[in-house]
Amino acid sequence: MDGRDRAFLFASLLLLSVKEDTFLGVSSLAIWWALRDGLSFENLRKNLHLVVLAVIAVLYGVVVIKLVIPHFGRGYIYGNLYGHVHLTGWKLAYFLLFNLSFGLLPLFLPRNWVLLALPWLENLLASRPSQYTFGFHYPYMLVPLSFIGAVFALRELDLRKILSVLLALGLMTSWATMPVARKPPDERFSLVHYTVFKPVPGYKTAREVIEALLKTNLSIYTQPAFYPPLATKQNVYVYPARIMPDLVLVDVKTYRGRVCLKRLHEMVRAKYVRIYSKDGIEVYMREGLKLPLALEELD
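Keep in mind it's a predicted model, so treat the numbers as computed, not measured.

Conventions adopted
- Residues numbered from 1 in each chain as written.
- Predicted model: local features only at pLDDT ≥ 70, side-chain atom pairs only at ≥ 80, totals over all residues.
- Heavy atoms only, no water.
- Pairing = 2+ DSSP bridges.
- Helix = DSSP H or I, 4+ residues; strand = E, 2+ residues; numbered from the N terminus.
- Contact = heavy atoms within 4.5 Å.
- Axes fitted to C-alpha atoms, helices over the stretch in contact; angles between N-to-C directions.
- 1 Å grid on protein atoms, 1.4 Å probe; cavity = no way out; pocket = protein on both sides within 12 Å on 5 of 7 lines; lining within 4 Å.
- Points joined across faces, edges and corners; volume = space filled by probe spheres on them.
- Nonpolar A, V, L, I, M, F, W, Y, C, P; charged D, E, K, R; others polar.
- Core = buried A, V, L, I, M, F, W, Y, C linked by side-chain atoms within 4.5 Å.
- Buried < 20%, exposed > 50% of the residue type's maximum accessible area, 1.4 Å probe, protein only.

**Here we look at the sheet that holds strand E6 (residues 272-278)**
In sheet architecture, strand pairing relies on hydrogen bonds along the backbone and comes in two forms, parallel and antiparallel.
Phase 1: Spatially, E4-E3-E5-E7-E6 is the arrangement adopted by the 5 strands of the open sheet, whose pairing is mixed. If you trace the sheet from one side to the other, it starts and ends with strand E4 (236-237) and E6, each paired once.
Phase 2: Packed onto the sheet, helix H12 (residues 255-267) meets strand E3 (220-222), strand E5 (247-251), E6 and strand E7 (281-286) and runs at close to 150 degrees relative to E5.

This is the structure in structure tokens:
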């Protein structure tokens, strides 16, 4: 094992500790690197330590998803994403446009299919549209792995005759599917979830509510967007596993806010009463608690 392999092992351990599905990327990258000298069983045997790492990563992922998360989190919330496996035109269009944004370069090198197959299956076999829509974080493994695949395709293949065409395709596709806009487009592209460059409606109200919540000593469950300004409190959560929060802060005009409320009802066995609502910002309090003075002062 050389220095690169040791660095990769260390990086893999860090990745596996961050998110439950990173085992797909770690195992794919390990097998892909083991086959760097060609697609053959001989190369797999020569790089047996990388194959072992890939197997351990898969086993680790299965244990975490099937045992650890259900035990500590009262079930695995993403298990139902693969209850109705099917391919659609929307998924195929996403696959084509995504790869076109890389100029199709990753697909030219056969070895890259080993690198990309598992992360692609995770997204294309899911039943939730956000898994295959531009503008969400779900291809977080596909982007860096596709970049790696594109670099090695350029290194190992002679693509000079068509490279300019591929790069032009990549730039045009990237521009056409850009999920950030200054204002909502006149006609929405169903494959793109746009983020608009302007303050979220209700942000001033949210700021006032957060300032009031910081004055309380009650536990709070909220959506990720509100976590950073509340992070100075020790009892703030973005996932209601094994907790029974005193207060709940959400923006019901956002997708994340609605998801947080749904999880609260599914995972917390307590009744909550809405005590504040303005501009989509809502605060709920667990029934039976006394309303803090700081919240009484809100309009």
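Now that the structure is up, let's keep going.
**A short note on the layout of surface pockets**
Phase 1: Volume-wise, the largest pocket comes out at about 910 Å³.
Phase 2: Taken together, 34 residues form the lining of the largest pocket, with Lys19, Glu20, Asp21, Tyr76 and Tyr78 sitting closest to its centre.
Phase 3: Elements that contribute at least two residues to the lining of the largest pocket include exactly helix H2 (22-34), helix H4 (48-73), helix H7 (111-124) and H12.
Phase 4: With 8 residues, H4 is the single largest residue contributor to the lining of the largest pocket.
Phase 5: Considering only residue class, the lining of the largest pocket consists of 21 nonpolar, 5 polar and 8 charged.

**As for the nonpolar core**
Phase 1: If you look at the biggest cluster of nonpolar residues, it comprises 36 residues, and the most contacted ones within it are Tyr94, Phe98, Trp120 and Phe134.
Phase 2: Listing elements by their share of this core, those giving two or more residues are helix H1 (3-16), H2, H4, helix H5 (89-100), H7 and helix H8 (142-156).
Phase 3: When residues of this core are assigned to their parent elements, the largest contribution, 8 residues, is made by H2.
Phase 4: Beyond its immediate stretch of four places on either side in the chain, Tyr94 contacts Trp120, Gln131, Tyr132, Thr133, Phe134, Pro139 and Leu191.
Phase 5: Counting 19 residues, the second-largest nonpolar core is a separate cluster that includes Ala206, Val236, Met285 and Leu295.

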